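# Observations on the model geometry
Here are the chains, one letter per residue:
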Amino acid sequence: DAAIAVWNEMTPVADDTLFAECRTIYNLTNTEGIEKYDECAQWVADYKAGKIPSDSYTMAERAFCYRVAALRDQPLFRPIPLTVIGVGGVVFVGFGGEAFTSYGQKMRDLCPDKFVVSAVCANGYEGYLPTAEAFAQGGYEACSSFFMPTLEDEIVTAAREMLEKLK
C-alpha cells in the first residue's frame, strides 16, 4: 500500500547502468570435533529416540552434536553463492544462506555511494553464515554451521571485488 501511495510522486532515474555477477565461494567444511564423531552420533540417535531429555543440553551443545554426527556425509568444501546486482544507484547483494546482520552493514560500507539491499537465502541455502566474531563467541548458529571462521573474510573479499566493478 505504501508503494502504491507514492507511485505518482516517483520520477525516473537518470542512471541506467546495470551490473550483475554471481560467484560461488568455497569454504572448507568445519570438522572441529570430529574426534567426538562416535559419541555425537550416539547422542543424536539417543536424542531422536527420546532417551535424552531435551533440557539436558543447551541449544549450542545439541547443534554441535548434530553437526559432528553429520560430518561423514559432508563435502570437503562447501559452496556459497554470492550475487551482486546493480541497477543505477541501487545494489542488491544476495547471500546463499542465512547471513548474519552485520554482513549487510559490511556491504553498505563497501559501497557507501549506493543504496545497498542485502538478501539472505538468495540462489540457495547453505545454512547459517556466521561472522568470525560469532564463531569465536559460539552459540547455536556458529556451532551448527558447517563453515569455518574464514567464511567472513572470503565473503567480504569476493563482495568487494564484485562491488568495485560498479564504480
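That block above? That's the structure.
Read on for an overview of the structure. Residue numbering note: each chain is counted from 1, following its sequence as written. It should be noted that, the model being predicted, local features are given only for residues of pLDDT at least 70 and side-chain atom pairs only at 80 or more, the latter also being counted only at that level, while totals for whole chains, interfaces and linings use all residues. Only hydrogens and water are set aside; all other atoms, that is, all heavy atoms of the structure, feed into the side-chain values.

### Details of the overall build of the protein chain
Filter applied, for reference: In this text, helices come from DSSP runs of H or I with a minimum length of four residues, and strands from runs of E with a minimum of two, each type numbered from the N-terminal end. Within these notes, the globule rule equals 2.2 Å times the number of residues to the 0.38 power, and the radius of gyration is based on C-alpha atoms. The contact rule is simple, with two residues in contact once any of their heavy atoms fall within 4.5 Å.
Helix and strand content of the protein chain: 7 helices and 6 strands. Start at the N end of the protein chain and walk to the C end: the helices and strands fall as α-β-α-α-β-β-β-α-β-β-α-α-α. The C-alpha atoms of the protein chain give a radius of gyration of 20 Å, which is well past the 15 Å a tight globule of 167 residues would have. Along the longest, intermediate and shortest principal axes, the C-alpha atoms of the protein chain span 65 × 35 × 25 Å. Taking contacts inside the protein chain between residues at least 6 apart in sequence as the whole, the part at least 24 apart equals 75%.

### Considering the sheet that holds strand 5 (residues 115-119)
Threshold: A pair of strands is considered paired only if DSSP assigns at least 2 bridges between the two. Every angle, taken between N-to-C directions, lies between 0 and 180 degrees, and every axis is a line fitted to C-alpha atoms, over only the stretch in contact when it is a helix.
Strand order in this open sheet of 4 strands is 1-2-3-5, and the pairing throughout is mixed. Of all the strands in the sheet, the pair left with one neighbour each is strand 1 (18-28) and strand 5. Put simply, the sheet's adjacent strands are angled 15 degrees from each other on average, direction ignored.

### Observations regarding the pattern of salt bridges
Side-chain pairs of opposite charge can arise where the charged atoms are in close proximity. Cut-off, in case you're wondering: Each reported salt bridge corresponds to a side-chain nitrogen of Lys or Arg within 4 Å of a carboxyl oxygen of Asp or Glu. For the exposure calls, accessible area comes from a 1.4 Å probe over protein chains only, and a residue counts as buried if that area is under 20% of its type's maximum, exposed if over 50%, partly exposed in between.
Applying the stated criterion to the full structure yields 4 salt bridges. Its salt-bridge partner being Arg23, residue Glu21 comes within 3.1 Å of it at the nearest N-O pair. Glu21 sits in the buried class, given a relative accessible area of 18%. The closest approach of N and O atoms between Glu161 and Arg23, which form a salt bridge, is 2.5 Å. Placement of Glu161 in helix 7 (residues 151-164) and of Arg23 in strand 1 is noted, with a sequence separation of 138 residues between them. For Arg23, a relative accessible area of 22% translates into the label partly exposed. Where salt bridges share partners, they join Glu21, Arg23, Glu161 and Lys165 into one cluster.

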